[in-house]
Amino acid sequence: MTFTGEEMTAIIKMAKLVVMADGRLDPSETIVMATELIRFGVPQDHLKLLIESSDEIEESHAVALITGMDEERKKYVASYLAMLMVADGEIDAKELALWKLISTLCSLPTMSIAQAINNMKNL
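Cut-off values and rules
- Residues numbered from 1 in each chain as written.
- Predicted model: local features only at pLDDT ≥ 70, side-chain atom pairs only at ≥ 80, totals over all residues.
- Heavy atoms only, no water.
- Salt bridge = Lys/Arg side-chain N within 4 Å of Asp/Glu carboxyl O.
- Helix = DSSP H or I, 4+ residues; strand = E, 2+ residues; numbered from the N terminus.
- Buried < 20%, exposed > 50% of the residue type's maximum accessible area, 1.4 Å probe, protein only.
- pLDDT = per-residue confidence, 0-100.
- Arc of directions from axis to C-beta.
- Contact = heavy atoms within 4.5 Å.
- Axes fitted to C-alpha atoms, helices over the stretch in contact; angles between N-to-C directions.
- Parallel < 35°, antiparallel > 145°, perpendicular 65-115°, else oblique.
- Left-handed = near helix turned anticlockwise from the far one by under 90°.

Caption draft 1: Quick peek at the pattern of salt bridges. Inspection of the entire model under this criterion finds 11 salt bridges. Where E7 meets R73, a salt bridge forms, and the shortest distance between an N and an O atom there is 2.8 Å. Of this pair, E7 sits in helix 1 (residues 5-20) while R73 sits in helix 5 (residues 71-86), placing them 66 residues apart in sequence. For the residue pair E7 and R73, the accessibility class agrees, reading buried in each case. Among the ionic pairs, R73 bridges to D70, the shortest N-O distance being 3.6 Å. By relative accessible area, which is 14% here, R73 ends up buried.

Caption draft 2: Representation of the confidence of the model for the protein chain. On average, residues of the protein chain score 91 in pLDDT, and 100% of them reach the 70 mark or higher. Per-element confidence in the protein chain ranges from a low mean pLDDT of 86 for helix 2 (residues 27-39) to a high of 97 for helix 4 (residues 59-67).

Caption draft 3: Region of the structure containing helix 7 (residues 113-121). Within the span of helix 7, buried status applies to I113, A116, N119 and M120. Buried residues in helix 7, looked at end-on, bunch into an arc of 115°, giving them a common side. Across from the buried face of helix 7, at angles greater than 90 degrees, the exposed residues are A114 and K121. Of the surrounding secondary structure, the elements contacted by the buried residues of helix 7 are helix 2, helix 5 and helix 6 (93-105).

Caption draft 4: Geometry of unusual backbone geometry. At S107, a position not held by glycine, the phi torsion is positive, near 55°. Structurally, the position occupied by S107 is in the loop between helix 6 and helix 7.

Caption draft 5: Local environment of the packing of helix 1 against helix 4. Running from N to C, helix 1 and helix 4 point in directions that differ by 120°, and their axes come no closer than 9 Å. Here helix 1 lies oblique to helix 4, going by the angle between them. Pair helix 1 / helix 4 crosses with left-handed handedness. Counting all contacts with helix 1, which are made through E6, A10, I11, K13, M14 and L17, the residues of helix 4 involved are E59, H61, A62, V63, L65 and I66.

Below, the structure is given as structure tokens:
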């Protein structure tokens, strides 16, 4: 499974929205975000550029890019966002609501948080 740079930027845009939905950025969320990007093959020296690029992309463009992905990549996006949501050990109601909204807007597959975590473990 591969993503273009623009698709990765869109994913990070959504990830940042989810982790900030509760009004705070927990260090564990940042670590999980960066670790997963590195595990996925983003070189460590590109992380900062990719994260900064995500500030520039419009939410509507990010939604369009993710909506256009195939089902396997959409499953990854939904699972990744859920993993970030639970990274700090608690599921905030605002994060959960935003995850569900993003999933609807981007036509991501419906799954439980447990299924999403299992998906990430099986990658």
